[in-house]
Amino acid sequence: MTTQGGNGQETLIRWLTRAWSYVGAVMGDHDYQRYVAHQTARHPGGPVLSERDYWRLRHDEQEANPQGRCC
């Protein structure tokens, strides 16, 4: 007898992978990759910030314009 979703361990791993991806998306882990994809697609040949510079600029902007923060 086979199950459609695999065994319990595969289902757990698949669920944890999705949950980890969701948490990463909420925390902004994929933002730099989206920025690079956007710059490459919309501004080919243009400068692309390094990941370090991207995060520095982003944090500087948040500090200068705080929005929706609890602290």
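Our structure is the block above this text.
Below is a short write-up of the structure. (Residues numbered from 1 in each chain as written. Predicted model: local features only at pLDDT ≥ 70, side-chain atom pairs only at ≥ 80, totals over all residues. Heavy atoms only, no water.)

Counting secondary structure elements, the protein chain contains three helices and zero strands. Along the protein chain, helices and strands appear, N-terminal first, in the series α-α-α. Counting every atom, the protein chain has about 6,500 Å² of accessible surface; 57% of that belongs to carbon and sulfur. (Helix = DSSP H or I, 4+ residues; strand = E, 2+ residues; numbered from the N terminus. Areas by Shrake-Rupley, 256 points an atom, 1.4 Å probe, with all protein chains shown as cover.)

Let us look at helix α2 (residues 31–42). Over its twelve residues, α2 extends 16 Å from the first C-alpha to the last, a length consistent with the 16 Å expected when each residue adds 1.5 Å. Every buried residue belonging to α2 is among D31, Y32, Y35 and Q39, and all of these are buried. In a view along the axis of α2, the buried residues occupy a sector of 100°, so they form one face of it. What points out from α2, more than 90 degrees from its buried face, is the exposed set R34 and A41. (Expected span 1.5 Å × (residues − 1). Buried < 20%, exposed > 50% of the residue type's maximum accessible area, 1.4 Å probe, protein only. Arc of directions from axis to C-beta.)

Taken as a whole and assessed by the stated rule, the structure comprises three salt bridges. The partner of D31 in a salt bridge is R34, and the shortest N-O contact between them spans 2.9 Å. Of the two residues, D31 and R34 are both situated in helix α2; the distance of three residues between them amounts to about one turn of the helix. On the basis of relative accessible area, R34 is assigned to the exposed category, the value being 54%. For D31, the salt bridge identified is with R58, shortest N-O distance 2.3 Å. Of this pair, D31 sits in helix α2 while R58 sits in helix α3 (residues 51–64), and the two are 27 residues apart along the sequence. When its relative accessible area of 9% is taken as the criterion, D31 is described as buried. What makes R58 partly exposed here is its relative accessible area of 26%. (Salt bridge = Lys/Arg side-chain N within 4 Å of Asp/Glu carboxyl O.)

Further remarks concern the side chain of Q39. In this structure, Q39 sits in helix α2. Reaching out from Q39, the side chain makes a polar contact with the backbone oxygen of P47 at a distance of 3.3 Å. Setting aside residues no more than four positions away along its own chain, Q39 makes contact with P44, P47 and V48. (Polar contact = N/O pair within 3.5 Å; in protein donor to acceptor, adjacent residues only side chain to side chain. Contact = heavy atoms within 4.5 Å.)

Another point: the packing of aromatic side chains. For the coordinates displayed, the defined rule picks out four aromatic pairs. Ring plane angle 40° and centroid distance 6.0 Å describe the contact between Y32 and Y35, whose orientation is recorded as tilted. Linking Y32 with Y35, this pair stays in helix α2, spanning three residues, or about one helical turn. Each member of the pair, Y32 as well as Y35, is classed as buried. (Phe/Tyr/Trp six-rings, centres within 6.5 Å; stacked < 30°, edge-to-face > 60°.)

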